[in-house]
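For reference, the chains in residue letters:
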Amino acid sequence: LYYNTLYFLVHDVQYGISDRFSMGMGTTIIGLPFYVTPKLTLPVNEKSAFAIGDMLILGTWNTRFTGNLLYLTYTRGNVNNNFTFGGGYLAVGGQDISTKVNSPVFNFSALARVSGHIYFITESYASFVKTKQYAYYYDYNTSISYEEEFDQNNFLMYSFFGFRLINKNIDVKCWQLGLSFVIAAFGEIPAQYQNSSFYSTGANSGGEFFPIPMIGYARKFSTRY
């Protein structure tokens, strides 16, 4: 049984029902949203395994949206040094979501033991997302106005790099310190909507980079790591 928290704002519990199947759940301090995470591990040999899992995200407090990520991963290595890569499919919708999302998601993560109680960890997620955008037309001379819809292809990536510091005296507790960042590369906006005195659009263009320092804490309710 594991308890994890991020900034003590997001709280997560994961429980190993068996050696191959686990179930988890989590939410924020305001209870929005709520998610569940079943996962089935399929060992190949002592150093490799596949896993299939799902993350179902539900809106709460009368917030009407759902998200679902079904994924498959492959892990190679041992408990101290390993890497994982995989992919899945993300679908987000609901009455309170203005832009529906249906897109593939790719993942890579790794763990490497630096010393007896320090591990280097990294985790990355990338996705290509097609979104519906709108351009608004207005002619000041005739007062004619209308809107047009267009698709925009975007690339999104989230990554984390940092260290896991396990308590030397009570090794079922650990802290995770590092830096995460989000990269958003927005697709092209059709030429007729750019640099026009008649059209305006709220669609972003170019790219953006958001660095975020990360602090996490985990507690394992068992004997030892």
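Up top is the structure.
Residues numbered from 1 in each chain as written. Predicted model: local features only at pLDDT ≥ 70, side-chain atom pairs only at ≥ 80, totals over all residues. Heavy atoms only, no water.

**Some words on the pattern of salt bridges**
Then, number 1: Counted under the stated rule, the structure contains 3 salt bridges.
Then, number 2: Its salt-bridge partner being R64, residue D96 comes within 3.3 Å of it at the nearest N-O pair. In this pair, D96 is assigned in the loop between strand 8 (81-93) and strand 9 (101-115) and R64 in the loop between strand 6 (48-58) and strand 7 (66-77), connecting sequence segments 32 residues apart.
Then, number 3: A residue is classified by how much of its surface remains accessible, and D96, at 37% relative accessible area, is partly exposed.
Then, number 4: Taking relative accessible area as the criterion, R64 reaches 43% and is therefore assigned partly exposed. (Salt bridge = Lys/Arg side-chain N within 4 Å of Asp/Glu carboxyl O. Helix = DSSP H or I, 4+ residues; strand = E, 2+ residues; numbered from the N terminus. Buried < 20%, exposed > 50% of the residue type's maximum accessible area, 1.4 Å probe, protein only.)

**Focus: the nonpolar core**
Then, number 1: Judged by nonpolar contacts, L111, Y119, I121, F160, I166, C174, M214 and A218 together constitute the single largest core of 8 residues.
Then, number 2: Every element with two or more residues in this core is listed here: strand 10 (118-139), strand 11 (144-166) and strand 14 (206-220).
Then, number 3: Ignoring any residue separated from it by four or fewer positions in sequence, one finds I121 in contact with A110, L111, F160, F161, G162, F163, R164 and Q176.
Then, number 4: In terms of nonpolar packing, the next biggest core, distinct from the first, is built from 7 residues, A135, Y137, I189 and Y199 among them. (Core = buried A, V, L, I, M, F, W, Y, C linked by side-chain atoms within 4.5 Å. Contact = heavy atoms within 4.5 Å.)

**So, the packing of aromatic side chains**
Then, number 1: For the coordinates displayed, the defined rule picks out 16 aromatic pairs.
Then, number 2: Where F128 meets F155, the ring centres are 5.2 Å apart and the plane angle is 50°; that geometry is what we call tilted. Of this pair, F128 sits in strand 10 while F155 sits in strand 11; the two residues are 27 residues apart in sequence, bridging distant segments of the chain.
Then, number 3: On the basis of relative accessibility, which here comes to 24%, the residue F155 falls in the partly exposed class.
Then, number 4: The rings of Y137, Y146, F150, Y193, F198 and Y199 are connected pair by pair, giving a single aromatic cluster. (Phe/Tyr/Trp six-rings, centres within 6.5 Å; stacked < 30°, edge-to-face > 60°.)

**Topic: the side chain of N154**
Then, number 1: Looking at the element boundaries, N154 is found in strand 11.
Then, number 2: At 3.1 Å, the side chain of N154 forms a polar contact with the backbone nitrogen of G187.
Then, number 3: When sequence neighbours within four positions are dropped, the list of residues in contact with N154 reads S127, F128, V129, T131, A185, F186 and G187. (Polar contact = N/O pair within 3.5 Å; in protein donor to acceptor, adjacent residues only side chain to side chain.)

**A closer look at the pairing of strand 5 (residues 39-45)**
Then, number 1: Here 2 bridges tie strand 3 (residues 21-28) to strand 5, and the two strands are oriented antiparallel to one another. Note on strand 5: the bridge partner recorded for F21 is L40.
Then, number 2: Taken together, the 6 bridges between strand 5 and strand 6 define a ladder with antiparallel strand orientation. Counted as the bridge partner of P43 is A49 from strand 6.
Then, number 3: Where strand 5 folds back onto strand 6 in an antiparallel hairpin, the turn is made up of 2 residues. (Pairing = 2+ DSSP bridges.)

**Observations regarding the environment of G87**
Then, number 1: Assignment of secondary structure puts G87 in strand 8.
Then, number 2: Taking the C-alpha atoms as reference points, G87 and L69, separated by 18 residues in sequence, lie 9.7 Å from one another.

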